[in-house]
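# Breakdown of the fold
What follows is each chain in one-letter form.
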Amino acid sequence: MKKHLLAAFGLLFSLMSVHAQPDWRLALPWNHPFEKPRPYELADTARVAIIGDVMMHTRQLSYDCKPFLAAISSRLAEADLAVANMEFTLAGPPYSGYPAFSAPDSYASYVRDCGVDVFLTANNHILDKGKSGLERTLAVYDTLSGIRHTGCAATAPADSASYPLIVPVNGIRIALLNFTYGTNASQGFRWPKVNRMDKADIAAAIRRARSRGADFIVALPHWGEEYQLRHNASQASLARWLAASGVDAIVGAHPHVVQDYEAITLPDGRIVPVFYSVGNAVSNMSAANTQLELLVTLSFAKDGLGNVTLLPPAAEFLWCSLPGRFSDNYMTLPVADFTGHRAEWLQASDYDKMISTLERVRSGAGIPEK
């Protein structure tokens, strides 16, 4: 059981600054603040940490994965629930990276051991090794103690049970909806199923979530245009539809870069935060902006009368350093912990790249600094 945390949240959104002794708070991009209940009204709170694409490129296969997420494992473990997008298959040997991923089974166990509780499987690479690869991936996940997964299902009963995936956290029932715009390989079979960006299917999952007593619904779409710092019209349209349909928060992935964020205010006054893309969690990517990423934390509260409240969300910039840069391995680093420590890098130019990328993404995605 993860440690129950009662955090006092302000009305500001937490992201990284580039200064040596920064004020990490940034101004919210919306005017209507999230409701902040008085502490004595809170009976239960739940913090859900979400990271982006966990990948295993060909070069990564040559390295011991233990350092990959070590620097953020405490953050994942301290959350009441941690979620990661697993953008590879477990199709068995021979192992391979891009364009058709198959990682060792031990990689999934490693991510679990770093504090992740839920694996997201609906992404464009999940059919890289065809039907058998997907079936084997789901079968391995089913055997992992402490892990739940959503996004794909081997059978109709499994689909009903995992779409939505409802996870009780400190007395709060949180429903997770994971779906993808598509897959790189075509799916010529009904089962196993990959959750698609189909409104009828999503709407049915939302109805099931509410009928099963979900207090909050979080949508986790795999969508958008790769390497674009701003969301597109299709993402905006679907986000508004999801919000109007009853989703309480949206955290997306797929573009491999951090995209902009906003809050959708509905006619009834409900506010739905949208993080269009959190970027990669760990990968071998080094193209512009692909090493910077977000860890998003959604916080929920439920009082003794059963009233539920979405608390102000938070996010933190991370940096995936490649071998020979910060250390001799891949390491995903919290930017806050390493800003101002340029001398600790094996290759100082990677530190400079981290800082310049942060500035460029802030500007390109319109992420304000306080």
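Scope of this entry: the structure provided in the associated data block. Keep in mind the model is a prediction, meaning the values are calculated, not measured. (Residues numbered from 1 in each chain as written. Predicted model: local features only at pLDDT ≥ 70, side-chain atom pairs only at ≥ 80, totals over all residues. Heavy atoms only, no water.)

## Brief notes about the side chain of Asp303
- With respect to the helices and strands, Asp303 occurs in strand β16 (residues 292–303).
- The side chain of Asp303 sits in the buried core without any salt bridge; Lys302 is the nearest counter-charge, 8.4 Å away.
- In terms of polar contacts, Asp303 uses its side chain to reach the backbone amide nitrogen of Leu305, at 2.8 Å.
- A distance of 2.9 Å separates a polar side-chain atom of Asp303 from the backbone nitrogen of Asn307. (Helix = DSSP H or I, 4+ residues; strand = E, 2+ residues; numbered from the N terminus. Buried < 20%, exposed > 50% of the residue type's maximum accessible area, 1.4 Å probe, protein only. Lys, Arg positive; Asp, Glu negative; His and termini not counted. Salt bridge = Lys/Arg side-chain N within 4 Å of Asp/Glu carboxyl O. Polar contact = N/O pair within 3.5 Å; in protein donor to acceptor, adjacent residues only side chain to side chain.)

## Looking at the packing of aromatic side chains
- Within this structure, the stated rule accounts for 14 aromatic pairs.
- Centroid distance Tyr98 to Phe101: 6.3 Å. Interplanar angle 65°. Geometry classified as edge-to-face.
- With a relative accessible area of 0%, Phe101 lands in the buried category.
- Aromatic pair Phe326 and Phe338: ring centres 5.2 Å apart, planes at 80°, arrangement edge-to-face. With a gap of 12 residues between them, Phe326 in the loop between β18 (314–321) and β19 (331–334) and Phe338 in helix α7 (residues 335–338) connect regions that are remote in the sequence.
- By relative accessible area, Phe326 is classed as buried at 13%.
- Through a chain of ring-to-ring contacts, the aromatic side chains of Tyr63, Phe68, Phe88, Tyr107, Tyr110 and Tyr330 assemble into a single cluster. (Phe/Tyr/Trp six-rings, centres within 6.5 Å; stacked < 30°, edge-to-face > 60°.)

## Digging into the side chain of Asp248
- Examined against the element boundaries, Asp248 turns out to sit in the loop between α6 (233–244) and β12 (249–251).
- Polar side-chain contacts of Asp248 include one of 3.2 Å to the side chain of Arg210.
- Of the polar contacts made by the side chain of Asp248, one reaches the backbone nitrogen of Ile217; its length is 2.8 Å.
- The residues contacting Asp248, other than those within four sequence positions of it, are Arg210, Asp215, Phe216, Ile217, Arg270, Ile271, Val272, Pro273 and Leu310. (Contact = heavy atoms within 4.5 Å.)

## With respect to helix α3 (residues 130–143)
- Spanning 14 residues, α3 covers 21 Å between terminal C-alpha atoms, matching the ideal 20 Å at 1.5 Å per step.
- Every buried residue of α3 is accounted for by Gly133, Leu134, Thr137, Leu138, Val140 and Tyr141. The arc that holds the buried residues of α3, viewed along the axis, is 160°, so those residues lie on one side. In α3, the exposed positions angled more than 90 degrees off the buried face are occupied by Ser132, Asp142 and Thr143. (Expected span 1.5 Å × (residues − 1). Arc of directions from axis to C-beta.)

## So, the packing of helix α5 (residues 199–211) against α6
- Viewed as axis vectors pointing N to C, α5 and α6 meet at an angle of 30°, and their least axial separation amounts to 11 Å. Classified by the interaxial angle, the pair formed by α5 and α6 is roughly parallel. Crossing hand, α5 versus α6: right-handed. Residues Lys199, Ile202 and Ala203 of α5 form the contact with α6, whose participating residues are Leu238, Trp241 and Leu242.
- Taken together, the residues of the contact of α5 with α6 sort by class into five nonpolar, no polar and one charged. (Axes fitted to C-alpha atoms, helices over the stretch in contact; angles between N-to-C directions. Parallel < 35°, antiparallel > 145°, perpendicular 65-115°, else oblique. Left-handed = near helix turned anticlockwise from the far one by under 90°. Nonpolar A, V, L, I, M, F, W, Y, C, P; charged D, E, K, R; others polar.)

## A word on the pairing of strand β4 (residues 81–86)
- For β4, the buried fraction is high: six of the six residues fall into the buried class.
- Residues Leu81, Val83 and Asn85 point to one face of β4 and Ala82, Ala84 and Met86 to the other, with burial holding for every one of them.
- Judged from the three bridges that link them, β4 and strand β5 (residues 118–120) form a sheet pairing that is parallel. Note that in β5 the partner of Val83 across the bridge is Val118.
- For the crossover that starts at β4, traverses helix α2 (residues 105–113) and ends in the parallel β5, the hand is right-handed. (Pairing = 2+ DSSP bridges. Right-handed = clockwise from strand over helix to strand, strands pointing away.)

## Points about the nonpolar core
- Counting residues in each nonpolar core, the largest one holds 46 residues, and the members touching the most others are Val83, Ile174, Leu176, Leu298 and Phe300.
- With six residues, the single largest contributor to this core is helix α8 (residues 348–365).
- Among residues more than four places away in sequence, those in contact with Ile174 are Ala46, Val48, Leu165, Ile166, Val167, Val169, Phe216, Val218 and Phe300.
- Phe68, Phe119, Met285 and Leu318 belong to the second largest nonpolar core, which has 37 residues in total. (Core = buried A, V, L, I, M, F, W, Y, C linked by side-chain atoms within 4.5 Å.)

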